[in-house]
Amino acid sequence: MADVDDAGWARRSVVRVVAPARPRKLVKVPFVELADGRLQGVVSSGSDIGRVYVSSITASTHAYHCSTNNNRPCGGLRGAPCKHLETLADEAVLQYGLDRVARYLRVEPDAEVNTGGELLYGLDTRHEPSSAAVVFSRFLRHLSYLEVPGSTTPLPELHWFPSTRATR
Amino acid sequence: MRGTQISALTDGDSAGLTDALNLVTGVDAALTRGLARVGEEDATALAGLAGALSTTPLANLVAEAVDKIAAGSGTPEYVAALAGARSAVLGAVHDALLTQVDVALGRSRALWTPVPAAVPGEVSPALAGARAWLSEVAVTGWHGVDHELVAEAGSVVEAALAVPELRRLAVLLDGFAAELRACVPVARMVQVPQRRWADLWSRGVLLAQDTATGDAALDVAERVSGRLLPLAVDVHEHDTAVQIQVHAIFEPADGGSPRLVRTAVGAAKVDSIGGPALWRLLPAHPVLLAALAQRCGVLVADVPIRGADMHWQDDRARLDEPVDPFAAARVLLPDALAAAPHPLDRHPAGIAEPVLVEEYAVSDQEGGLTVELDGHRLAVAVDRLPSCGPLTPELVAASSACLGLLRWDAGRWLLQPVAVQATVKRKIITVHTGDWACGVTDAKAAKADAKAGDAVTVLRERAGRLLRR
């Protein structure tokens, strides 16, 4: 799996196109993704074990929103991103790396930016309510992978996807 | 492997290999630009592909498809013919390469035995959905793929995943779509992984044909009993799937000659589960995992096998005595009978031939590690060392014996290490990729694993609380 700058890269069957997700603790933020044109995910409530917050930042406009999965707005939104959004951005950077998150949000962070929270501060954000349903159903779909039964049928196509040590 | 065997592999290519690969490269470029408006260069490449197949049973089908595609008609049938033609060329490349391996190693290989096609059962509507999406992607071209088109793959994958017989298709499309999603807008990429995406796309199209599913033919498979001696553990993963494939010597209980076989177990997962936690996704196979962690043989009774693929049934397996995989490879590998893969699986990327290499020197040159034996060099695929095991590039660099899988990619043979004997602090240690199958055995790595927390448990708890409301 050669480097992308290598001229032969395009003619290889097995190259790592996307860096694997880096390991992180999932208790606070069980789900974060860069999809549907948003940095979005689910943050566990600190007080109620059965409740989660759905938080998102739109890549093109930097509009943000945070609500419970039942669409009740987060009480922490007072003209600025709440702590759920900060935590979400922090975990996104842990999982995907600062470069990939910044690229997705179409910003070039200053050199002193290290965490997702710091990245978020540097954005010209505004609040715009959006529905939690789409993100929450993506989270449920994500969780449902853990309920897919295992298999003992060989999957030859996975030879294109070798496991590789995460590079930090 | 001896030095002369390495040179038999790496010196000179089979006749026609470069020409065949150039044909494929032309098709890959056409797919990158898309089949909606085929330019002159791409039309020439597609015509070349049709020409190459003109003496095969695919000739008429492919010639017609290429004409129609050049004229702007990218219907799923024509697109399927194109995928079939590309796969046929790479199948031939695969055969030439595998023959090269067999000649170099003196390995005998049983032919694939076809079985009568199963009576087609009910055709899943998920297949038509997959074909439609794959055609649209080909017509659009990798360069034109946008978020909307990638998002459409979601329902296709979901439908396929719900049908156990379509697991291969589902897992393939999920991995492929995730890469496209991460790369949109593709036109802004420094380079497009043209060969890779065309490979994944072609295989997807083949697996999405109505006739592809009844193929496992397990009900008519040969059934065998005997002793398995695991040699090599190969780990595959993408965001939502993991597979452990074990290459082993199989000694039939009836005293037949030893066979080179493999068995695979897998699970669905999510991207945030990786590293040693992968093993915890496979609790249904305790005997297999124990055999790997303890380096033991396994006695299997009456298990199905097709070609080289033994279908794992943990309840039909029990642990046998400890086996040193290096010793087993030294004694049994040279004469073990290998088997050809299923015709559909013939692709260079699927070549993974177990070999034992000893008494070599490792050098770290520009472009990575290489092992050298009697002046003959073989590149090491260090980027295929899995996240869930203890094998590191440093251990490979300090090694003097290696069990590995021979791989081929883009004109180059590679050695994928799966176990090494290395000298660390003046002691010789043996490390296998499967050593942590029953838990991390290295104190430092165990601490890191514990610190990362148990992702599987956390997510299962979340699933239990939120999914069934």
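Counting from 1, residues in each chain are numbered in the order their sequence is written. Key to labels: chains lettered from A, ligands numbered from 1, both in the order written. pLDDT decides what is reported in this predicted model: residues at 70 or higher carry local features, side-chain atom pairs at 80 or more are listed and counted, and totals for whole chains, interfaces and linings draw on all residues regardless. Where side-chain values are given, they derive from all heavy atoms of the structure, hydrogens and water being excluded.

### What to know about the interface of chain A and chain B
Okay, so step 1: Contacts were defined at the residue level, with two residues in contact if any of their heavy atoms lie within 4.5 Å. Chain A puts 61 residues into the contact, and the matching count from chain B is 87 residues.
Okay, so step 2: Across the chain A/chain B interface, buried area totals approximately 6,600 Å², and carbon plus sulfur atoms make up 59% of it.
Okay, so step 3: By salt bridge we mean one thing: a side-chain nitrogen of Lys or Arg within 4 Å of a carboxyl oxygen of Asp or Glu. At the boundary of chain A and chain B, one finds four salt bridges.
Okay, so step 4: The salt bridge partner of Arg203(B) is Glu157(A), with a shortest N-O separation of 2.7 Å.
Okay, so step 5: Throughout this description, a polar contact denotes any pair of N or O atoms lying within 3.5 Å of each other; where both atoms belong to protein, one of them has to be capable of donating a hydrogen while the other can accept it, and for residues adjacent in sequence the pair is counted only when both atoms sit in side chains. Counting across the interface, chain A meets chain B through 30 residue pairs in polar contact (both at pLDDT 80 or more).
Okay, so step 6: Only β1 (31-35), α1 (83-96), α2 (98-104) and α4 (133-144) of chain A provide two or more residues apiece to the side of chain A that touches chain B. Buried area is a sum: the accessible area each of two parts loses on coming together, probed at 1.4 Å, counted once for each and added. Only DSSP runs of H or I reaching four residues or more are called helices, and only runs of E reaching two or more are called strands; each is numbered from the N terminus.

### Description of the domain arrangement of chain B
Residues and elements named next belong to chain B.
Okay, so step 1: Split by domain assignment, chain B resolves into domain 1 (19-215) and domain 2 (218-339).
Okay, so step 2: Each domain's extent was defined by an automatic or database domain assignment. On a C-alpha basis, the centroid separation for the pair domain 1 and domain 2 is 30 Å.
Okay, so step 3: Contacts between domain 1 and domain 2 engage 13 residues on the former and 16 residues on the latter.
Okay, so step 4: Across the domain 1 to domain 2 interface the summed buried area is about 1,100 Å²; carbon plus sulfur atoms make up 54%.
Okay, so step 5: Where domain 1 packs against domain 2, one counts zero salt bridges.
Okay, so step 6: Taken together, the connections running from domain 1 to domain 2 amount to six residue pairs in polar contact (both at pLDDT 80 or more).
Okay, so step 7: Among the secondary structure elements, those contributing two or more residues to the side of domain 1 that touches domain 2 are β1 (109-110) and α8 (167-183).
Okay, so step 8: Per-element tally for the side of domain 1 that touches domain 2: the top contributor is α8, with five residues.
Okay, so step 9: Grouping the constituent residues of the side of domain 1 that touches domain 2 by class yields five nonpolar, four polar and four charged. Gly is placed with the polar residues, together with every amino acid not listed as nonpolar (Ala, Val, Leu, Ile, Met, Phe, Trp, Tyr, Cys and Pro) or charged (Asp, Glu, Lys and Arg).

### Some words on helix α5 (residues 76-105) of chain B
In an α-helix, one turn spans 3.6 residues, which is why side chains three or four residues apart end up on the same side.
Residues and elements named next belong to chain B.
Okay, so step 1: Between the first and last residue of a helix there are one fewer steps than residues, each counted as 1.5 Å, and that sum is the expected span. End to end, α5 covers 42 Å across 30 residues, agreeing with the expected 44 Å (1.5 Å per residue, within 8%).
Okay, so step 2: Of all the 30 residues making up α5, 22 are buried; the element is thus mostly covered by neighbouring parts of the structure.
Okay, so step 3: Looking one or two residues beyond α5, the residue adopting positive phi is Gly 106, at roughly 65°. Accessibility here uses a 1.4 Å probe with only protein chains present; expressed as a share of the type maximum, an area under 20% marks a residue as buried, one over 50% as exposed, and anything in between as partly exposed.

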